[in-house]
Each structure stands twice: as C-alpha cells, then as structure tokens.
Amino acid sequence: MRKHLLVLVATAEVMAGTLAVGGGTPAGATATGTPGAPTNVVATPGDHQLSVTWTPPADPGTSPITSYAATASDITSPGVNGDGNQCTYTVPTDGSSESDTCAVTGLAAGDSYTVSVTALNQSGSGLASSASSSATPITPASDFFGSLEGVSCPAVSYCVAVGLDFTTLDGVAELWNGSEWFDITNRVSMNGKQLMAVSCASSSFCVAAASLNLYSGQRTTSVFLEWNGRSWSEMPASAAVVDIWGVFFISCTSTLFCMAGSPTTLYTWDGAGWTSAAAPWSEAGASGEGATAISCASATFCMAVGANAPQPPGCITLCSMPPASWAWNGSVWNEVPTTALPADLGIVNATPSSVSCVEPTYCMMVGTVTELWDGSVWNYEPDAAAEAGLKSWQSGVGIQDALASVSCPEVGSCTAVGFQTPPPGPLPMDTLVQRWDGSQWTQIPSPSPSPVVNVLEGVSCVDAIDCQMVGVRWNPPTQAAHRHSEIGPVGRQSVTTLLQAIPSEVLRNAGTSNPKRPLRLTEVAGVIVGSP
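Just so we're clear, the structure is a prediction, and the values are computed from it rather than from any experiment.

(A) Structural view of the overall build of the protein. Secondary structure assignment for the protein yields 6 helices and 37 strands. Out of the 532 residues belonging to the protein, those deemed buried represent 51%. Accessible surface for the protein amounts to roughly 21600 Å². Of this, 55% is attributable to carbon and sulfur atoms.

As structure tokens, then:
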C-alpha cells in the first residue's frame, strides 16, 4: 500500500508540472506555460520615439510566442510624457522571418526612457525583460536664425554638428543618423554656451568646444561638453580659463586624448580632466592671430596651423600674412616652417583656416592657399580656382574664393569646402567644394540654395566620397552685404566676423525679414545634395 501511494504522489507532481528532470524549473521558464523573459533589449532614439529591438526568450513556454509588447518608462518625468506607452509586435504565422522590433511613439524629446519587453503566447504574458539602457527621443532639426560652424563624422551614418543661434546667443547641436538631421541641443542647458567646434573619436565620444559670453562683450570662459551618444555633459577641468577668446578648434583621437585651442591658450584632455597652458603661438594670438585650427592623427602627433606674426596696423584684407604651423610630438610643440608662396600671388593674407592630418606624414592645410605636409616639409599645392579668384580680387574685381574647412579621410584624398564669389562681387556667395585626389584639386558641383549668401564652414568625410558639410545660407540686408565687402575674406571665421560687424538690431531684424539659416549638404557616392 505504501509503495502505491508513493507512485501516486510522484505521478501527481509530474502532472502538475512541478517536477522536472534535474530538479526545479528550467532557467527563464515559468510554471504557468507562459514565455520566459526576452533579452538584449536595445532602445534607439528617433523622432519623439524609441525603436526597440530584442532577442526572443530561450523558453517560449508551452505554446509558440504570438506577440511581444515593449513598454517605455520615463525616468526623467515619471507618470507623464508618454510614461507607460507601449508598442506591440505580432509574430508572423506565414513562415516569414521574425524581425523582433517595434517603435514606442508619443514620447517627449529630451526625456530619458528605459524600455522592457514581454513575450505573449496562448497561456498569457510572460516574464518582463530587464530594462534597456536609457535612451532619449529626439526632434528633427529645423531652421533657426544662426549657422552651423563645425561637423564631425565617426561613421557614414553618424555625425554631430554644432553651431550658433543668434536669436538666443546659445549653442546648437545636431545629430545625423544616415538619413536626416536631429536636434540634440536640448540634452544640455546651454545658458550662453556658444559651440564653435566638435570632434568625435567614436559615436559614443564627441567633444564640443564651447565659449561662454563670446558675443556679450565680456571676457570668455572656455567650456567643453561631452556627447556619449545619448546626452551632453560638461567635462571636468582643472580650472576655468577666462580670456578674450573662445575655443575655436578641437581634435580628439580617443576617449583619452584631445587637443583644443584658441589664439592664446592650449587645452589638453587626458581622459580624466582638461588642463590649460599658454599656447606656443600665444604671442601672435594676443594680437588676433596665432593658431586657427588643429588636427591630431594620434596622441603623439598633432599639427596646428595659423599665423605667427601680429597683423599689420590698419590691415583689413590686403596684408602679407604667410601661413605658420606647429607640430606636437607627444611631448613638446615645435614650430614648423611653411613653404614660400609663389611671387605671382602678390600680397596675400595666407593665414590657413583649417588642417586635416591622416598620419604624421600626411596633412593638408587650406585657406586662401593650400599646402600639403609630407612629414618633413610643407609643399604648396595650387588650387586653380582659388588662385584665379585671389588674383581677380587683388585687381579689384570681386572677392577671392576661400576654403574654410578640410577633411582628409585617407592618404591621397581630401575634401575642402568654403565659398566662391563670381565677379564683380562682393555678392552673391556660392558654396565651394574642392576634391584633392593626391595630385590635383578639382571642383565638385554643390548646391547654393540662397540667392545671396551660401558659405560652407565645416566638412567631415568618412571616406573619399561620403562627406557631411555644414554652414550658413542667408539673404542678408543691404547693410550686411556692404559690411562684408569691407571685411573681405577672413577664412574660417568669415561668417562669425561678418556677424560681429553688424549691429545686433540689424541681425535680429534680418532674422525676421531676411532669415539667416543653417546650410546642410550631404555627399553620397560623390554626389552632393541638400540634407533633409
């Protein structure tokens, strides 16, 4: 009798599903026949939404999984702004492949969310997954009264651009996802921070160089903001640096090394904090010259370019200003002589506006003239279009073409951007894109959407034919156009200098009647078009 009782008890336990081979319930399984928990949940930001992906649970339960539900939790503002919003995905029954993705919509741009996913079958809803890492929905980029000053692309489908909003005098930041631009400015409180340059070592490490009170007439405080792929944060510094200049250029090679600078100050990031010191070009910088750009190929090689002589008294445009450069070897900076310019160029302000280095033996500097670094010396590499514009301008017809930014993704390939002005000038100004193929420069057709002013200020290329370009398009008032003809070509800071020379009331009125707007161009497979 006892023997039969033991058999009945064991049989009952098996029927109830509480006895399993090896003892207990298998990992991820449920006692009710519902699915286990999905894994690897990832939330990717979109336009007021999050695209969610996951891996199906190891245990589907006692019947096939029929659908999934993803639920967003707002960790910034719990209980509002789409907290609890869901999306569902129905598993196909026609034999087609399973995509395991859906998009949670109706979320607040700027709020941070996590997402959990559950699987459902005929027995009901299974275990919830672990929450995803936090993600922040974004807003499509739109026009604003300002310009984009710089861009950096660590991948074809990932770029960060920064600039200035002249209505608020705050910085602007945008993100390119491979098909359109999104506004990511609201990820940090700008509070008067003007963003002048950006450098991305990867999609999870970008640094924007910012300056407080740059256009307020006050002394400027330099600030650096880090983008981790989801949000901005202010980076630690040994001490705030206050001077009359903002931070105009930056180059990062990894999370452990960045160099940035102004006409008087050099900044270094070591992975823990920023330190500052007087720049090797600070003497010239005190008079308004000094370095204008920097590019680092590694932590042991950087090249800075600019001018190392004070600007002659009374000089506005026609001044003899040869280019200068300084090389970093991992320990110290050394000034590197530049090549003598051809005599037939005449008197020219040849201060370079940008430089890009692929390796210690390959850098390209651009401005009103272009030079190539071979590891030992700079070599003058004439840009026929720029030279023709320069000579035309010197003769009093029009103003010269100028290149404001250059990007060299590999040896033998560089793209430079700026503006060109056909005679008689000074307007209109059209976009200018030049391609270096290792032996010569060739102009690449590019759109100029404004009938008056189109200036490209920044370029970043992932390879020889995939680049992003940013700048400004504007139909300025007559006073603005006249003042630009007085200022003449000033390279990298051409638009900034123009704006500083125009009274604020004219700028603000222009924002209403003659809007100044950001310019975004995309090159895909060698064809340049306007970016969405």
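Here the narrative resumes.
(B) Region of the structure containing unusual backbone geometry. Within the chain, His-48 stands out as a residue other than glycine whose phi angle is a positive 55°. Note on placement: His-48 falls in the loop between β1 (39–46) and β2 (49–55). The backbone phi angle of Ala-525 is positive, close to 55°, even though this residue is not glycine. Among the residues examined, Ala-525 registers a relative accessible area of 55% and is labelled exposed.

(C) Layout of the packing of aromatic side chains. In this structure the tally under the stated criterion is 14 aromatic pairs. Geometrically, the ring pair formed by Phe-224 and Trp-274 is stacked, given 3.8 Å between the ring centres and 15° between the ring planes. Linking Phe-224 in strand β15 (residues 220–227) with Trp-274 in strand β21 (residues 274–278), this pair joins segments that are 50 residues apart in sequence. Here Phe-224 falls in the buried class, since its relative accessible area comes to 5%. The class of Trp-274 is buried, set by a relative accessible area of 3%. Ring centres 5.5 Å apart and planes at 50° place the aromatic pair Trp-436 and Trp-441 in the tilted group. Considered together, Trp-436 and Trp-441 belong to a single accessibility category, that of buried residues.

(D) Broad picture of the sheet that holds strand β6 (residues 113–121). Pairing in this open sheet of 4 strands is antiparallel, and the strands run β4-β3-β6-β7 from one edge to the other. Two strands in the sheet have a free side with no partner beyond their single neighbour: β4 (86–90) and β7 (124–125).

(E) Broad picture of the pairing of β21. The sheet contact formed by strand β20 (residues 265–269) and β21 spans 5 bridges and is antiparallel. Following the sheet pairing, Tyr-267 is matched in β21 by Ser-276. The loop that links β20 with its antiparallel partner β21 comprises 4 residues; one of these, Gly-271, has a positive phi angle of about 95°.

(F) Local environment of the pattern of salt bridges. Counted according to the given criterion, the structure contains 3 salt bridges. A salt bridge links Glu-174 to Arg-520, with the nearest nitrogen and oxygen atoms 2.8 Å apart. Taken together, the residues Glu-174 in strand β11 (residues 170–176) and Arg-520 in strand β36 (residues 516–524) connect sequence positions 346 residues apart. Like Arg-520, Glu-174 is buried.

(G) Representation of the sheet that holds strand β24 (residues 324–328) in the model. Pairing is antiparallel in the open sheet, where 4 strands are placed in the order β22-β23-β24-β25. The open sheet terminates on both sides in strands that have one partner only, identified here as β22 (290–298) and β25 (333–336). Geometrically, the sheet is characterised by an average inter-axis angle of 25° between neighbouring strands, direction not taken into account. Here β22 pairs with strand β23 (residues 301–307) via 7 bridges, running antiparallel. Within the sheet, the bridge partner assigned to Ser-298 lies in β23 and is Phe-301.

(H) Looking closely at the state of the cysteines. Applying the stated criterion across every chain, the model contains 8 disulfides. Sulfur-sulfur distance for the disulfide between Cys-153 and Cys-159 comes to 2.1 Å. Handedness here is read from the sign of the S-S torsion; for Cys-153 and Cys-159, about 110°, the answer is right-handed. Cys-159 matches Cys-153 in its accessibility class, with the two residues each being buried.

(I) The side chain of Ser-354, seen in detail. Relative to the helices and strands, Ser-354 is located in strand β26 (residues 354–359). Overall, Ser-354 belongs to the buried group, its relative accessible area being 8%. Within the structure, Ser-354 has its side chain in polar contact with the backbone nitrogen of Val-406 (distance 3.1 Å). Not counting chain neighbours up to four residues away, the residues in contact with Ser-354 comprise Ala-293, Val-305, Met-364, Met-365, Val-366, Ala-404, Ser-405 and Val-406.

(J) Molecular detail of the environment of Ile-138. Relative to the helices and strands, Ile-138 is located in the loop between β7 and β8 (139–140). Ile-138 sits in the buried class, given a relative accessible area of 4%. Sequence separation between Ile-138 and Asp-47 is 91 residues, and the spatial gap between their C-alpha atoms is 5.1 Å.

(K) Examining the pairing of β2 more closely. Only one face of β2 is buried: it carries Leu-50, Val-52 and Trp-54, and the other face, with Gln-49, Ser-51, Thr-53 and Thr-55, is open. As paired elements, β1 and β2 share 6 bridges and run antiparallel to each other. Bridge assignment links Gly-46 to a residue of β2, and that residue is Gln-49. Pairing of β2 with strand β5 (residues 101–104), which is carried by 4 bridges, proceeds in the antiparallel orientation. Bridging from a neighbouring strand, Leu-50 pairs with Val-104 of β5.

(L) Quick peek at the confidence of the model for the protein. The predicted model of the protein has a mean per-residue pLDDT of 78, with 72% of residues at 70 or higher. In the predicted structure, residues 1–29 sits below a pLDDT of 50 and forms 9 contacts with residues beyond four places in sequence or in another chain.

(M) Here's a closer look at the side chain of Ser-112. Topologically, Ser-112 is positioned in the loop between β5 and β6. Within the local environment of Ser-112, its side chain forms a polar contact with the side chain of Thr-136, the two groups lying 3.2 Å apart. With near-sequence residues (within four places) excluded, Ser-112 lies in contact with Ser-73, Asp-74, Ile-75, Thr-76, Ser-134, Ala-135 and Thr-136.

(N) Quick peek at the nonpolar core. Of all hydrophobic cores here, the largest spans 21 residues; its most connected members are Val-52, Trp-54, Tyr-68 and Ala-70. Elements with a contribution of two residues or more to this core: β1, β2, β3 (67–74), β4, β5 and β6. In this structure Trp-54 touches Pro-38, Thr-39, Asn-40, Val-41, Tyr-68, Tyr-89, Asp-100, Thr-101, Cys-102 and Val-117, once residues within four positions along its chain are discounted. Counting residues in hydrophobic clusters, the runner-up holds 20 residues, among them Met-259, Ala-279, Trp-281 and Cys-302.

Analysis parameters
- Residues numbered from 1 in each chain as written.
- Predicted model: local features only at pLDDT ≥ 70, side-chain atom pairs only at ≥ 80, totals over all residues.
- Heavy atoms only, no water.
- Helix = DSSP H or I, 4+ residues; strand = E, 2+ residues; numbered from the N terminus.
- Buried < 20%, exposed > 50% of the residue type's maximum accessible area, 1.4 Å probe, protein only.
- Areas by Shrake-Rupley, 256 points an atom, 1.4 Å probe, with all protein chains shown as cover.
- Phe/Tyr/Trp six-rings, centres within 6.5 Å; stacked < 30°, edge-to-face > 60°.
- Pairing = 2+ DSSP bridges.
- Salt bridge = Lys/Arg side-chain N within 4 Å of Asp/Glu carboxyl O.
- Axes fitted to C-alpha atoms, helices over the stretch in contact; angles between N-to-C directions.
- Disulfide = S-S within 2.5 Å.
- Polar contact = N/O pair within 3.5 Å; in protein donor to acceptor, adjacent residues only side chain to side chain.
- Contact = heavy atoms within 4.5 Å.
- pLDDT = per-residue confidence, 0-100.
- Core = buried A, V, L, I, M, F, W, Y, C linked by side-chain atoms within 4.5 Å.

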